[in-house]
Amino acid sequence: MSDPGAVHAVIADLSAEGEELDRLVAELDDGGWSLDTPAAGWTVAHQIAHLAWTDRAALLAVTDADAFAVEVEKALAAPDRFVDEGAEEGAALPPAELLARWRDGRERLREALLGVPPGGRFPWYGPPMSAPAMATARLMETWAHAQDVADALGVVRTPTARLRHVAWIGHRARGYAYLARGEQPPAEPVRVELVAPDGEVWAFGPEDAAQRVTGTALDFCLLVVQRVHRDDTGLRAEGADAEHWLRIAQAFAGPAGAGRAPGGGAR
């Protein structure tokens, strides 16, 4: 994505995704911030704290590689705890302070990403990232954690065209989903055709692939961020590889997630 206009567009979509979640939490009282979400042990405050913590890590990666390297060392020293510890630290703050910290971090990251020169790359917990790749990953994670918050609040969100970014990274991360489970990714590609919120069809992968996945973009996106169980989607898989992928799909980095139990998905 070398076109500056396209880069700015995905960063704008990232900002819009954050603003939508901001509207969900901005007027919550202390009881609302303390509500449990579907993520075990995480309240609404934990969800926002996690996003604020990850935005800060992304900002360091973009602006201060040496400081980010220190954060990577911390993660390597406590691989099973560093994410939860970051969320717990932020969740302990007064809600107004946590909200202000998250807002400030979002804006600073937006400005930093806009300032990355074309073709520029910076370190991350996995392979080096470009500005559009980082914006896409942050959008995916913001949308996923916003779903947890919406579930806790009993809010049904209206899907938007921004889901295309989540669908894209979900398809692109197919091989990683296997590797995260110690499995060898199949060589045969998968064609994914999804009905977008406006009725358009989004397609990823070779048109002539025998392995295929079809359904709504919302179902696919909820599945690849593990906010719905495979059996609770209307996705159709053609081919054993396609079906197995849907059972293990994940768009996010890190260890293989447990996902949602059947009947517990977001709708």
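From a predicted model like this one, the values you see are computed outputs, not experimental measurements. (Residues numbered from 1 in each chain as written. Predicted model: local features only at pLDDT ≥ 70, side-chain atom pairs only at ≥ 80, totals over all residues. Heavy atoms only, no water.)

(A) A look at the nonpolar core. Residues L113, F220 and W245 are the most contacted members of the largest nonpolar core, which totals 54 residues. In terms of residue count, the dominant contributor to this core is helix α7 (residues 131-153) (eight residues). Non-local contacts of W245, meaning those with residues more than four positions away in its chain, are made with G170, H171, R174, Y178, V190, V192, V213 and F220. Membership of the second largest hydrophobic core comes to 18 residues, among which are L21, W33, A45 and A91. (Core = buried A, V, L, I, M, F, W, Y, C linked by side-chain atoms within 4.5 Å. Buried < 20%, exposed > 50% of the residue type's maximum accessible area, 1.4 Å probe, protein only. Helix = DSSP H or I, 4+ residues; strand = E, 2+ residues; numbered from the N terminus. Contact = heavy atoms within 4.5 Å.)

(B) A look at the pattern of salt bridges. For the coordinates displayed, the defined rule picks out 23 salt bridges. Ionic pairing is found between R81 and E88, a salt bridge with its closest N-O pair at 3.2 Å. Overall, the relative accessible area of 35% leaves R81 in the partly exposed class. Judged by its relative accessible area of 37%, E88 is partly exposed. With a closest N to O distance of 2.9 Å, R212 and E193 form a salt bridge. (Salt bridge = Lys/Arg side-chain N within 4 Å of Asp/Glu carboxyl O.)

(C) Looking closely at the sheet that holds strand β3 (residues 190-195). The four strands are arranged β4-β3-β5-β6 in an open sheet whose pairing can be described as mixed. Looking at strand neighbours, the two that pair on one side only are β4 (201-204) and β6 (236-238), the edges of this open sheet. Here the average twist between neighbouring strands, direction ignored, is 10°. Strand direction decides the pairing type here: strand β5 (residues 211-216) and β6, joined by three bridges, are antiparallel. By the bridge assignment for β6, T214 is matched with R236. The strands touched by helix α10 (residues 217-224) are β3, β4 and β5; relative to β5, the strand with the most contacts, the crossing angle is about 110°. (Pairing = 2+ DSSP bridges. Axes fitted to C-alpha atoms, helices over the stretch in contact; angles between N-to-C directions.)

(D) Spatial organisation of the environment of L218. Along the chain, L218 falls in helix α10. Look at L218 and you get partly exposed, because its relative accessible area is 28%. Along the chain, L218 and A133 lie 85 residues apart, while their C-alpha atoms are 21 Å from each other.

(E) Summary view of unusual backbone geometry. Its identity as a non-glycine residue notwithstanding, Q226 has a phi of 60°, on the positive side. In this fold, Q226 is placed in the loop between α10 and β6. Residue classification places Q226 among the buried residues on the basis of a relative accessible area of 11%.

(F) Local environment of the pairing of β4. With burial as the criterion, only one face of β4 is covered, namely that bearing W202 and F204; the residues V201 and A203 on the opposite face remain uncovered. Two elements, β3 and β4, share four bridges in a ladder whose sense is antiparallel. The residue of β4 that forms the bridge with V195 is V201. Hairpin connection of β3 to β4: five residues between the antiparallel strands, including G199 at a positive phi of 95°.

(G) Representation of the side chain of T54 in the model. Relative to the helices and strands, T54 is located in helix α3 (residues 44-63). Overall, T54 belongs to the buried group, its relative accessible area being 6%. Setting aside chain neighbours within four positions, we find T54 in contact with W124, R138 and E141.

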